[in-house]
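# Results of the structural survey
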Amino acid sequence: MARDWYDLFITDFPGGAAAEVPQTGREQERRGFFKRLRENMKKTREALAAEVQATLFEGDLDEQTWERLEEALIYADVGAKTTAEVVERLEQEAQEGQLVGGEQLTKRLSELLAELARTGDEHIDIRPDPTVILVVGVNGTGKTTSIGKLAWHLRQTLGQTVVIGAADTFRAAAVEQLERWGERAGCDVVKGPEGSDPGAVAFDAIARGRERAADVVIIDTAGRLHTQRELMAELEKVKRVISKQMPDAPHETLMTVDATTGQNGLRQAQLFGQAVNVTGIVLTKLDGTAKGGIALAIANELNIPVKLIGIGEKLEDLRPFDPDAFAEALLTA
Amino acid sequence: MFDSLADKLQGTLAGVRQRGSLSEDDIARAMREIRLALLEADVNFKVVKQFTSAVKERCLGVEVHKQLNPGQQVVKIVNDELTALMGGHSAGLTFSPRPPTVILMAGLQGSGKTTATAKLARYLREENGSSVAVAACDVYRPAAVEQLIKVGLQAGATVYEQGTDKDPVDIARWAWDQAKRDGKDVLIVDTAGRLHVDQALMDELANVRKAVKPHVVLLVVDAMTGQDAVNVAEQFAEVARFDGVILSKLDGDARGGAALSVKAVTGKPIMFASTGEKLPDFERFHPDRMAQRILGMGDVMSFIERAERTIEEDDAKELERKMRKNEFTLEDFLTQLKRVRKMGPLTSLLGMMPGLAGHQLSKMNVDEKELDRVEAMILSMTPQERARPELIKGSRRLRIARGSGTSVQQVNQLVKQFGEMRKLMRGLAQGKMPDLGALMRQQR
């Protein structure tokens with residue numbers, strides 16, 4: 001069953017936020033989501049499923065099968081290491097007689113990929129008041145857009161009050177972009193002058209959140225390459241400032257990863273992880289032909305789970321990540 | 001990973017030297033390593049397949065060279081082939097005899113189009129003395145127009161914008177008229193990022209193309225792109241018929257295999273590389289250097305070029321003389337330190353050195369503040385002290401420490417390290433290679 005917003009967020013309400021919403025509504029939303037995901041990932045599926053089916057459904061699992069499977073995974077940006085692990089494991093299972101024929105292999109492959117994706121804590125706990133969510137990532141991966149949509153869902157779907165801290169004080173017009181999103185979502189946006197200290201903006205945002213008794217404070221940060229030491233140090237400082245204001249904050253640190261990213265995504269997650277302890281990935285731009293397989297490599301090698309995915313331009317196209325749906329949509333026609 | 005490709009190949013090919021030539025088996029093993037290396041660099045797997053079979057052909061029957069070990073030799077062949085595949089020499093823009101030359105920018109969301117537009121505008125203004133205008137046709141992303149206004153003006157370009165209520169095709173056509181009226185040499189049309197599978201937006205791009213008849217269409221590709229680069233390039237080639245590529249975010253540590261994939265499937269050259277946050281961080285693309293980067297061999301040429309830009313030749317000769325004669329003073333050191341720092345942060349320079357990519361030394365945390373302190377200490381010394389550091393004793397130390405806001409210990413350390421460095425330099429100038437390992441241990 002697909003995860004939805006009520007599954008992703010742990011809230012204060014007894015029985016979770018879900019108790020407040022009629023089940024039928026959720027069901028419909030889920031079906032709608034499945035449909036969207038299927039449509040948006042059609043290209044993705046066609047490419048990978050074509051590879052898998054043309055080869056694996058033809059019966060015997062031979063040397064060629066493994067080679068094609070390897071290519072299919074590499075093509076999805078899963079990376080050489082994780083690919084080798086997956087292929088080796090399936091090959092071994094086939095040798096031991098647990099896997100016979102292409103159909104079984106496809107099913108097991110999808111299971112295994114979902115298993116890989118399922119790592120660490122897959123929820124976002126928004127019980128602390130306010131819950132501080134820090135969002136980081138490389139330039140152009142979709143931080144600001146994801147924050148806008150996340151704020152909208154927290155506000156409109158879960159009825160939370162949200163304050164956004166516009167701590168991207170570097171990129172020209174980043175604050176304006178966030179303000180537009182704030183208007184749409186109905187959230188307060190705290191900003192400083194362009195070029196001002198991002199830590200100060202984060203500090204003010206949390207102060208405002210407390211003042212207004214907001215449920216969630218989301219802090220946007222400037223996009224930066226993980227190799228820029230000074231900028232990474234600046235990010236660490238933003239985190240320290242947040243912790244000073246509120247000792248157990250940030251409660252969640254999300255990193256945006258563009259689904260078109262190749263193997264460098266691993267380095268990104270590793271270095272951002274070292275700097276600010278990333279607790280979840282937002283996998284963006286999954287609506288193209290890119291497979292986003294790098295997220296599997298990140299989950300497998302660094303144990304950082306994907307929590308949200310972006311599958312389109314619209315507000316409802318930011319969705320909670322569901323490992324089974326992801327693997328399934330990736331593999332089945 | 002890659003920096004060790006040559007090492008790995010050397011291990012794989014051990015024993016070849018005695019036999020004198022590479023056997024088919026040796027080559028097959030070497031190709032496996034190369035395949036893995038290229039896949040890790042995000043070169044598309046189909047391109048890798050074609051590439052390795054081409055390299056294999058060339059490796060067969062190759063005589064083992066006397067100066068190079070078999071590993072190095074295979075790497076050389078791979079490097080040559082990669083360079084050739086990427087276009088051999090760097091391609092430049094062609095300008096229209098009847099200005100304005102219209103350049104259309106296209107790419108996925110977040111690939112860095114708007115930044116690249118401003119950087120290209122600045123580049124053309126600085127390098128060619130062109131008068132440049134940019135047109136803001138991204139009416140979709142919130143505040144994209146504001147961003148282009150800001151960076152466009154920083155780049156010294158005229159910005160043509162009509163807000164976000166008009167059709168991008170109309171804005172482009174209007175901007176073209178404006179550029180003609182204003183007598184601009186170049187008009188760069190920035191467009192919204194779009195997915196290559198988004199039919200409506202791709203149609204719009206085709207229409208902008210028809211409306212302004214660009215002389216050059218450039219695709220902006222993120223250097224970190226994975227296997228999908230091939231699909232993106234093919235689709236944009238069909239719709240936008242781009243003439244060249246700007247590779248963005250090359251200042252990170254991505255190997256940039258996407259560059260190879262794009263060139264291989266479309267045949268279009270990579271023209272420019274965007275290498276940093278600031279507007280001047282933009283240069284002509286060099287296929288040979290990219291080949292070395294993909295193979296993890298460091299970017300020596302870029303390093304030398306940057307050095308050349310900051311150090312005058314005469315100065316270099318004088319410096320060499322001083323080093324050889326052991327006349328190098330703290331004053332010279334200060335001058336050099338300032339020059340090197342002008343080239344950019346030390347860490348980014350270290351990353352360019354061959355063999356250091358991924359090496360511990362390239363990850364060494366050079367504390368720029370420490371360098372500030374060194375500068376402050378030297379600036380607090382008298383000319384005599386700078387020329388003859390051995391004078392610095394007792395009360396002089398205290399005075400320098402006070403003057404520079406440091407401690408006597410730090411002054412001591414500087415003087416001692418300077419002595420070591422002088423010795424090292426003398427050795428270098430006399431043609432001895434320093435032992436980098438020993439140098440590093442010393443640093444700790």
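Residues numbered from 1 in each chain as written. Chains lettered and ligands numbered in written order. Predicted model: local features only at pLDDT ≥ 70, side-chain atom pairs only at ≥ 80, totals over all residues. Heavy atoms only, no water.

### Considerations on the interface of chain B and chain A
The interface of chain B with chain A comprises 38 residues on the first partner and 42 residues on the second. Carbon and sulfur atoms supply 52% of the area buried between chain B and chain A, which totals about 3600 Å² over both sides. On inspection of chain B and its partner chain A, the count reaches 5 salt bridges. Notably, a salt bridge pairs Arg180 of chain A with Glu146 of chain B, separated by 2.7 Å at the nearest N-O pair. Linking chain B to chain A there are 22 residue pairs in polar contact (both at pLDDT 80 or more). Where the side of chain B that touches chain A is concerned, the elements lending two or more residues are helix H3 (24–40), helix H4 (45–59), helix H7 (144–154) and helix H17 (360–363) of chain B. The residue inventory of the side of chain B that touches chain A, partitioned by class, reads 12 nonpolar, 13 polar and 13 charged. (Contact = heavy atoms within 4.5 Å. Buried area = accessible area lost by both parts, 1.4 Å probe. Salt bridge = Lys/Arg side-chain N within 4 Å of Asp/Glu carboxyl O. Polar contact = N/O pair within 3.5 Å; in protein donor to acceptor, adjacent residues only side chain to side chain. Helix = DSSP H or I, 4+ residues; strand = E, 2+ residues; numbered from the N terminus. Nonpolar A, V, L, I, M, F, W, Y, C, P; charged D, E, K, R; others polar.)

### A short note on the packing of helix H6 (residues 101–117) of chain A against helix H12 (residues 294–302) of chain A
In a pair of packed helices, the angle between the axes and the distance between the axes together describe the arrangement. Residues and elements named next belong to chain A. Between H6 and H12, the shortest axis-to-axis distance is 8 Å and the interhelical angle comes to 60 degrees. Relative to H12, the element H6 lies oblique. Residues Leu113, Leu116 and Ala117 of H6 pack against Leu296, Ala299 and Asn300 of H12. For the contact of H6 with H12, the residue count by class is 5 nonpolar, 1 polar and no charged. (Axes fitted to C-alpha atoms, helices over the stretch in contact; angles between N-to-C directions. Parallel < 35°, antiparallel > 145°, perpendicular 65-115°, else oblique.)

### Observations concerning the domain arrangement of chain B
Residues and elements named next belong to chain B. Assigned domains of chain B: these are domain 1 (3–85), domain 2 (101–289) and domain 3 (301–443). In this assembly, 12 residues from domain 1 lie in contact with 16 residues from domain 2. Buried area between domain 1 and domain 2, both sides added, is near 1100 Å², and the carbon and sulfur share of it is 57%. Contact with domain 2 buries surface across domain 1, with Asp42, Asn44 and Leu85 losing the most and accounting together for 41% of the total. One can count 0 salt bridges joining domain 1 with domain 2. (Domains from an automatic or database assignment.)

### Regarding the confidence of the model for chain A
Per-residue confidence for chain A averages 85 on the pLDDT scale, and 84% of its residues sit at or above 70. This model gives residues 15–19 of chain A a pLDDT under 50, and the stretch forms 7 contacts once residues within four places in sequence are excluded. (pLDDT = per-residue confidence, 0-100.)

### Regarding the packing of aromatic side chains
This structure, assessed with the given rule, holds 8 aromatic pairs over all chains. Geometrically, the ring pair formed by Tyr160 of chain B and Trp174 of chain B is edge-to-face, given 6.1 Å between the ring centres and 75 degrees between the ring planes. Here Tyr160 of chain B, found in strand E3 (residues 158–160), pairs with Trp174 of chain B, found in helix H8 (residues 168–181); they are 14 residues apart in sequence, far enough to count as distant. Taking the relative accessible area as the measure of exposure, Tyr160 of chain B reaches 4% and is therefore buried. A relative accessible area of 27% means that Trp174 of chain B is categorised as partly exposed. In this structure an aromatic cluster arises from ring pairing among Tyr123, Phe272 and Phe282 of chain B. Looking at Arg184 of chain A, its charged tip hangs above the ring of Trp181 of chain A, at a distance of 4.4 Å from the centre. Across from the ring centre of Trp176 of chain B, 3.9 Å away, lies the NZ or CZ of Lys180 of chain B, which sits over that ring. (Phe/Tyr/Trp six-rings, centres within 6.5 Å; stacked < 30°, edge-to-face > 60°. Buried < 20%, exposed > 50% of the residue type's maximum accessible area, 1.4 Å probe, protein only. Lys NZ or Arg CZ within 6 Å of the ring centre and 35° of its normal.)

### With respect to the pattern of salt bridges
Residues and elements named next belong to chain A. Tallied over the entire structure, the rule returns 32 salt bridges over all chains. A salt bridge links Glu301 to Lys81; its shortest N-O distance comes to 3.9 Å. Of this pair, Glu301 sits in helix H12 while Lys81 sits in helix H5 (residues 80–95), placing them 220 residues apart in sequence. A residue is classified by how much of its surface remains accessible, and Lys81, at 47% relative accessible area, is partly exposed. In this structure, a network of salt bridges that share partners links the residues Arg89, Glu93, Lys107, Arg108, Glu111 and Glu115.

### Some remarks on the sheet that holds strand E6 (residues 244–248) of chain B
All names here are of chain B. A sheet is described by the order of its strands in space; here 8 strands give the open sequence E3-E2-E4-E1-E5-E6-E7-E8, paired in mixed fashion. What marks the edges here is a single partner per strand, and that holds for E3 and strand E8 (282–284). The mean angle between the axes of side-by-side strands here comes to 25 degrees, regardless of whether they run parallel or antiparallel. Bridge count between strand E7 (residues 270–274) and E8: 3 bridges; the pairing is antiparallel. Bridge pairing in E8 places Ala273 opposite Glu283. (Pairing = 2+ DSSP bridges.)

### A word on the nonpolar core
Grouped together as the largest cluster of nonpolar side chains are 72 residues, with contacts concentrated most on Leu187, Val189, Phe236 and Leu247 of chain B. In this structure, this core is formed jointly by two domains, domain 1 (3–85) and domain 2 (101–289) of chain B, each of which donates at least three residues. Discounting chain neighbours no more than four positions away, the residues touching Leu187 of chain B are Pro100, Thr101, Val102, Ile103, Ala133, Val134, Ala135, Tyr160, Ala175, Trp176 and Ala179 of chain B. Grouped together as the second largest cluster of nonpolar side chains are 64 residues, Leu90, Leu112, Met255 and Leu266 of chain A included. (Core = buried A, V, L, I, M, F, W, Y, C linked by side-chain atoms within 4.5 Å.)

### Notes on the side chain of Thr141 of chain A
Residue and element names in this part refer to chain A. For Thr141, the location among the structural elements is in the loop between strand E3 (131–137) and helix H7 (143–156). Residue classification places Thr141 among the buried positions, given a relative accessible area of 3%. At 2.7 Å, the side chain of Thr141 and the backbone oxygen of Val138 are in polar contact.

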